[in-house]
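# Coordinates in review
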Amino acid sequence: MNTDAAVTFTGVTKTYGTVKAVDGLSLALHPGETVALLGPNGAGKSTTLDLLLGLRPADTGDVRVFGLSPRDAIVRGRVGAMLQSGGLMDEVTVRELVRLAVALHPKPHNTDEVLSRAGITQIADRKVNKLSGGQEQRVRFALATAGDSDLIVLDEPTTGMDVSARQAFWATMREQADQGRTVLFATHYLEEADAIADRVLVLHRGRLLADGTAAEIKAKAGARKVSFDLEGTIDDATEQSLRALPFLTTVDVSGQTVRIQSTDADATVHALYGLGVYPRNLEVAGLGLEQAFVAITNAEEAKAS
Ligand SMILES: Nc1ncnc2c1ncn2[C@@H]1O[C@H](COP(=O)(O)OP(=O)(O)OP(=O)(O)O)[C@@H](O)[C@H]1O
């Protein structure tokens, strides 16, 4: 067992009826890493976080947090979490709720500092059930950072936050990681994962499909995008021959503009000139993280069907 790791999953499986939500998952996260957990709906992200937080038991395998069981790690204040669901207590004010979280933490921060860091000092006296969605998220963030935890776990943390709240949120998270904390967040915002995470995990049907930096994940997708314009209207015959170009994974024809993805852009462009057409404004570029994610998960879907 690697006791230096912040988190280890070893052969972890969690099944609901016939659904394998987490399927033989093994991974290790290290102190100071900011890790994005990506995956299509139902990939097993929330279940993975629930297992990590000891909210559900694994069927098989072992989950360790700083070498401890999830429950022991939480009791010792080593983990702060911000989950998607779970009601906040209704009839209390924001300050009372945050004060309670501070009081319960074995290594508490100062309540005013926690409120200020989460940007909720202005609404501290408001009842929790009178908040907007974005304000609620900030309160959850305050609860996750009520004490000096070594691992911060966030499930879809910025859903409902406006642009400035998101920026402030991620700036704070970067500070937390710079201080040696491990930050693990599940998200559907791939641009956030690209901008923030040192490491990206792609889950699919409970299995780890890719694990690396955003650049490595983009390279793993193995595809590049090619776009160009053709003069005049693209008739059916031309469109047919474009769609028959080698190594294509996707084709989109819109007016005179053609956008394609190819697993061998050089060969595709070579064949394009062979069609006797004259592409203008030809651009060849790597995939963004979002496109890479779609390419990787679609390829896996195709294998499964
Ligand atoms: N309590 C439950 N009972 C039965 N099935 C469940 C339960 N929780 C999750 N599942 C199933 O397990 C699978 C994984 O769900 P999970 O919520 O972990 O995925 P996710 O990646 O977080 O999805 P999303 O992006 O939609 O939040 C899904 O097929 C889901 O329907």
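Residues numbered from 1 in each chain as written. Predicted model: local features only at pLDDT ≥ 70, side-chain atom pairs only at ≥ 80, totals over all residues.

Labelled according to an unreviewed UniProt entry, the chain appears under the name ABC transporter ATP-binding protein, originating from Streptomyces tabacisoli. The UniProt entry for the chain carries the following text under Subcellular location (unreviewed entry): "Cell membrane". (UniProt positions renumbered as here; feature names shortened; annotations may be inferred.)

A few words on the nonpolar core. Ranked by internal contacts, the top residues of the largest apolar core, which has 71 residues, are A142 and V153. Setting aside anything within four residues of it in sequence, one finds A142 in contact with V98, V114, L115, A118 and I120. The next biggest cluster of nonpolar side chains, apart from the first, holds nine residues, and it includes F228, L242, V258 and I260. (Core = buried A, V, L, I, M, F, W, Y, C linked by C-beta atoms within 7 Å. Buried ≥ 20, exposed ≤ 12 C-beta atoms within 10 Å, placed from the backbone. Contact = placed C-beta atoms within 7 Å.)

Turning our attention to the packing of helix α3 (residues 94–104) against helix α5 (residues 133–144). Two elements in contact, α3 and α5, have axes whose closest approach is 9 Å; the angle formed by their N-to-C orientations is 25°. Between α3 and α5, the angle falls in the class roughly parallel. Here α3 runs over α5; the crossing is right-handed. When α3 is examined against α5, the residues V94, L97, V98 and A101 are found in contact with a partner set consisting of V139, A142 and L143. Within the contact of α3 with α5, the residues separate by chemical class into seven nonpolar, no polar and no charged. (Axes fitted to C-alpha atoms, helices over the stretch in contact; angles between N-to-C directions. Helix = DSSP H or I, 4+ residues; strand = E, 2+ residues; numbered from the N terminus. Parallel < 35°, antiparallel > 145°, perpendicular 65-115°, else oblique. Left-handed = near helix turned anticlockwise from the far one by under 90°. Nonpolar A, V, L, I, M, F, W, Y, C, P; charged D, E, K, R; others polar.)

Now for the site of the ligand. Residues in contact with the ligand, as listed here, are Y16, V19, A21, G39, N41, G42, A43, G44, K45, S46 and T47. Looking at the shell around the ligand, the elements with two or more residues in it are β2 (19–29) and α1 (45–52). The leading source of residues in the shell around the ligand is α1, at three residues. Class assignment of the residues belonging to the shell around the ligand gives a composition of four nonpolar, six polar and one charged. (Near = placed C-beta within 6 Å.)

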